[in-house]
Amino acid sequence: MVAATGLAGCSAGSMMAEHMPTAAGGLPEGVPQRPTKPSAFPAVHDMPPPRGSTVLTDAEQKKLEDDLIAARNRTASEAKPVGRPD
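Thresholds applied
- Residues numbered from 1 in each chain as written.
- Predicted model: local features only at pLDDT ≥ 70, side-chain atom pairs only at ≥ 80, totals over all residues.
- Heavy atoms only, no water.
- Helix = DSSP H or I, 4+ residues; strand = E, 2+ residues; numbered from the N terminus.
- Buried < 20%, exposed > 50% of the residue type's maximum accessible area, 1.4 Å probe, protein only.
- Areas by Shrake-Rupley, 256 points an atom, 1.4 Å probe, with all protein chains shown as cover.
- Salt bridge = Lys/Arg side-chain N within 4 Å of Asp/Glu carboxyl O.

Colleague: I'm lost on the overall build of the chain in this one. Help?
Modeller: The helix and strand inventory of the chain stands at two helices and zero strands. Per-residue burial for the chain yields a buried fraction of 2% across its 86 residues. With the model as given, the accessible surface of the chain reaches about 8500 Å², and the carbon-plus-sulfur share is 63%.

Here is the structure:
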């Protein structure tokens, strides 16, 4: 019974602390006022709008992969130290 009363008081506890003296556990002096309008939470369950771009075709995907592989190989060959024994 005591725990239920304590838990029920948690939600109103911060509101009660505004009206209690500091010595009795209230808010200290100089605390900014609580906003009158609650802040808007982001819509976390809304789905984003559909993408405007289209999906790559198989040929476009293959070309991009080949370009990336060629760039990786070119960079790797340029990065080899000079005079390194094989």
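Still more ground to cover, so stick around.
Colleague: Would you mind going over the pattern of salt bridges with me for this structure?
Modeller: Pairing between side chains of opposite charge can happen when their charged atoms approach one another. Applying the stated criterion across every chain yields a total of two salt bridges. A salt bridge links K62 to D66; the nearest nitrogen and oxygen atoms lie 3.1 Å apart. You can see K62 and its partner D66 sitting in helix α2 (residues 58-78), four residues apart, about one turn around the helix. Assessed through its relative accessible area of 35%, D66 is described here as partly exposed. The salt bridge partner of D67 is K63, with a shortest N-O separation of 3.0 Å. Taken together, the residues D67 and K63, both in helix α2 and four residues apart, mark about one turn of the helix.

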